[in-house]
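Structure assessment
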Amino acid sequence: MKVHEYQAKQILRDAGVAVPEGIVAKTPADAAAAFDKLGGSIAVVKAQIHAGGRGKGTLKEHPDQRGVQLVRSREEAEQVAARLIGNTLVTIQTGPEGKVVNQVLVEAGCNIARELYLGIVLDRSAAKPVVMASSEGGVEIEKVAEETPELIFKEHFTPDRGLDDFQVRKLCSKLNLAGASVSSAMRFMKGLCRVYSELDCSMAEINPLVVTADGELMALDAKISFDDNAIFRHPQLKELRDRTEEDPYELRAGDAGLSYVKLEGNIGCLVNGAGLAMSTMDLIKLHGGEPANFLDVGGGANVQQVTEAFRILLDDKNVKAVLVNIFGGIMRCTTIANALLEAYKSVGFNVPLVVRLEGTEVEQGRKIIADSDVDIITAEGLTDAAKKVVAAATGATA
Amino acid sequence: MSILINKDTRVICQGITGKVGMFHTKGCLEYGTQMVGGVTPGKGGTTVEGLPVFDTVAEAVEQTGCDATMIFVPPAFTADAILEAVDAGLKTVIAITEGVPALDMVYVYEVVKRTGVNLVGPNCPGVITPEECKIGIMPGYIHKKGPVGVMSRSGTLTYEAVWQLSNLGLGQSTCVGLGGDPIVGTSFIDLFKMYQADDDTEAILMMGEIGGTAEEEAAAFVKQHVTKPVAAFIAGRTAPPGKRMGHAGAIISGGKGTATEKVAALEDAGIEVANGPADMGAALQRAMKRGR
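Residue positions are counted from 1 within each chain, in the order its sequence is given. Following the order in which they are written, the chains are lettered starting with A and the ligands numbered starting with 1. Per-residue local features are limited, in this predicted model, to residues with pLDDT of at least 70; the limit for side-chain atom pairs, both in listing and counting, is 80 or more; totals at the level of whole chains, interfaces and linings are taken over all residues. Side-chain calculation: all heavy atoms of the structure are included, whereas hydrogens and water are not.

Moving on, we get to the domain arrangement of chain B. Residues and elements named next belong to chain B. An automatic or database domain assignment is the source of the domain bounds shown. Domain annotation of chain B identifies domain 1 (10–120) and domain 2 (138–290). One C-alpha centre belongs to domain 1, the other to domain 2, and the line joining them spans 27 Å. Facing ten residues of domain 1, the contacting portion of domain 2 comprises twelve residues. Take the accessible area each of two parts loses on contact, using a 1.4 Å probe, and add the two losses: that sum is the buried area. Where domain 1 abuts domain 2, roughly 850 Å² becomes buried across the two surfaces, and 59% of that area is made up of carbon and sulfur atoms. Any carboxyl oxygen of Asp or Glu within 4 Å of a side-chain nitrogen of Lys or Arg constitutes a salt bridge here. Where domain 1 meets domain 2, there are one salt bridge. Across the salt bridge formed by Asp190 and Lys113, the nearest N and O atoms sit 3.3 Å from each other. Side-chain atoms alone can form a polar contact between residues adjacent in sequence; in general such a contact is a pair of N or O atoms within 3.5 Å, and within protein one must be able to donate a hydrogen while the other accepts it. Inspection of the domain 1/domain 2 interface yields three residue pairs in polar contact (both at pLDDT 80 or more). Runs of H or I in DSSP of at least four residues are treated as helices and runs of E of at least two as strands, each being numbered from the N terminus. The set of elements that each furnish at least two residues to the side of domain 1 that touches domain 2 consists of α4 (104–115) and β7 (118–120). Only heavy atoms enter the contact rule, under which two residues are in contact if any of them lie within 4.5 Å.

Turning next to the domain arrangement of chain A. With domains assigned, chain A is organised as domain 1 (21–108), domain 2 (112–234) and domain 3 (248–397). A straight line from the C-alpha centre of domain 2 of chain A to that of domain 3 of chain A covers 43 Å.

With that settled, consider the pairing of strand β11 (residues 172–177) of chain B. Walk down a regular strand and you will see the side chains alternate between the two sheet faces. All names here are of chain B. Each residue gets one of three labels from its accessible area relative to the maximum for its type: buried under 20%, exposed over 50%, partly exposed in between, using a 1.4 Å probe on protein chains only. The buried fraction of β11 amounts to six of the six residues, a majority that puts the element mostly inside the structure. The pairing of strand β8 (residues 126–129) with β11 spans two bridges and is classified as antiparallel. Bridge assignment links Val127 to a residue of β11, and that residue is Val176. Note that strand β10 (residues 145–152) and β11 share five bridges and pair parallel. Along β11, the bridge assignment pairs Lys145 with Gln172. Classification remark: right-handed applies to a crossover when, strands pointing away from the viewer, the course from the first strand over the helix to the second runs clockwise. Where the polypeptide runs from β10 across helix α5 (residues 155–167) and back to β11, its parallel neighbour, the crossover connection is right-handed. At least two DSSP bridges between two strands are needed for those strands to be called paired.

This part covers the interface of chain B and chain A. The interface is formed by 52 residues belonging to chain B together with 47 residues belonging to chain A. Surface buried jointly by chain B and chain A totals about 3800 Å² across both partners, of which 64% is contributed by carbon and sulfur atoms. Taken together, the connections running from chain B to chain A amount to two salt bridges. Where Asp104 of chain B meets Arg233 of chain A, a salt bridge forms, and the shortest distance between an N and an O atom there is 2.8 Å. If you look at where chain B meets chain A, you find eleven residue pairs in polar contact (both at pLDDT 80 or more). Among the elements of the structure, α1 (19–31), α4, α5 and β13 (230–235) of chain B are those that each provide at least two residues to the side of chain B that touches chain A. At six residues, the largest contribution of residues to the side of chain B that touches chain A is made by α5 of chain B. For the side of chain B that touches chain A, the class distribution of residues is 28 nonpolar, 14 polar and ten charged. Charged residues are taken to be Asp, Glu, Lys and Arg, nonpolar residues to be Ala, Val, Leu, Ile, Met, Phe, Trp, Tyr, Cys and Pro, and polar residues to be all remaining types, Gly included.

Per the stated rule, a full pass over the model turns up 39 salt bridges over all chains. Among the ionic pairs, Lys367 of chain A bridges to Asp371 of chain A, the shortest N-O distance being 2.8 Å. Residue Lys367 of chain A and its partner Asp371 of chain A are located together in helix α12 (residues 362–371), separated by four residues, close to a single helical turn. Judged by relative accessible area, which is 51%, Lys367 of chain A ranks as exposed. Put simply, Glu215 of chain B and Lys262 of chain B hold a salt bridge, and the shortest N to O gap is 2.6 Å. Remark: Lys262 of chain B occurs in helix α8 (residues 259–268) and Glu215 of chain B occurs in helix α7 (residues 214–225); sequence separation between them is 47 residues. Note on Glu215 of chain B: relative accessible area 0%, which makes it buried. Each member of the salt-bridge network shares a partner with another, and the members are Glu5, Lys9, Lys46, Arg54, Glu107 and Asp221 of chain A.

Put into structure tokens, the structure is as follows:
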């Protein structure tokens, strides 16, 4: 689960990790009031959306307006907020459709001496969380990793212990932080590790991490996401979820216990298991078709889930044919066959449906479909299924 | 032989009184697995499918002489269940449960590596040595005894591969589902070591997927240490970057973890790479013909 920058910063502030003073505003008037309240001669107005690259991103409605802007007066704060709120910001991470800005963060300006990078993720190979730090702040870390990997410094830690003092000192030495900055880094880095561990984050990224003119470390930006599997331990985090930031179809799928990702093609797929679902997409492509989505119904899908899955698939107007590929393990083919028939009838199918069943109770499952009066194209094996659905999709287009 | 489990393996189920645990205990019994008991705290003294239920794993070990466990407890309690099994001295722990918090696995992983316990999963379909022992949720009938070691991060994709192999007349020594979570107990490399050392395994089929670097690491290991024929398939060749495909790890980020990179690493290690998901069984057949 992702949260907004202002929410991430509040979490950091509560944990004693240094962040600039800031106030979230939902209207231009609120933004002007926030400028006054902060009391400085400058402030920064930042669009709040769940995507990075906001500083370079531009508004669809005002191509000269960026997603982050320095302001010098309450009037300017109000003006910038008026342009951002309610309009659509397009960044390198949002895709061309962009994201609507519903609120802005008005933040006190600070005196920046240097920009660094600090991030924590789970290192799968080491089976431990890892702190990544770099002297190259403010740019995309993937780019640094690609071009100058020697400028990324790593220290692993365990959730119960966090970074040890010497590890922070090692990072400081690599980052050329000295004097007062080292004690500031101790507080900052250890605090970030504590937030990561205590709240079950899947990622915590500070980019840029700035060193102020006084040598203090401060999070100029903050991006935190949480492990969905651990949210049950932190009920307070559920309140931070902003459903308007999520894709409406992926949201619907998630609510039904399905895993769905929309793609650009015209062949809808409904598969059990993530690996087989990915493979089914590959297979469609191999036979000249284009998958319209990734959809994993999971291990024990029922009639309601299959029905909802079909509704989501058919809501995509690009879809010209649908392929159901089920290898029954926990899920019996008879269950899925009955679910398919019921869902087929209640959804009102308007495109060809190709079904490939294999696994537990397959014979009975196939018989249920054969004996029914619905118009389902059955397939034997993966290749047959792919050929049939690609043909059906092409036929429907022609 | 075979790896991890065989006809002599004595198995308990942690979470046996739950609906899913009960259902699959029955399935394993029907397959011929030596299920000898189960554990559910607070339900000790009852029975499920005629098997005794204990309050603790330690008691189950004492009373039944079990040496392996199949875990179906809810995600919030899975780490604890694995640690309890390790503490009781079980050497093979197979955790089926999906949805375990990732950070819970950091300490569990340390403990299983320190104690030398074979943990498979979590979030996996389990392990099967055909016609001897099934510990997990896979449909038993698609498997056939034979010379191919099979491993995968994904459940149903493993079934698909096994089905293709069986239809080609190629049976399996042992099939292992590693699990789709960020931290799982057993890696491709751990299994390559076991298959390489196992006399019954003549060839190895690996199903990987996009994201992470596990497949590249496995390829480097195969190049150096594996003399048996190996075939592989990478799922997600057509997945777009930045979109997570179900499994926690299946995401291409920053240009890393693409199928193209993985296929190149595999081919460089002399591994026969399947052209598509329908080609997995045939690829293994080609690898065997070609040898290494």
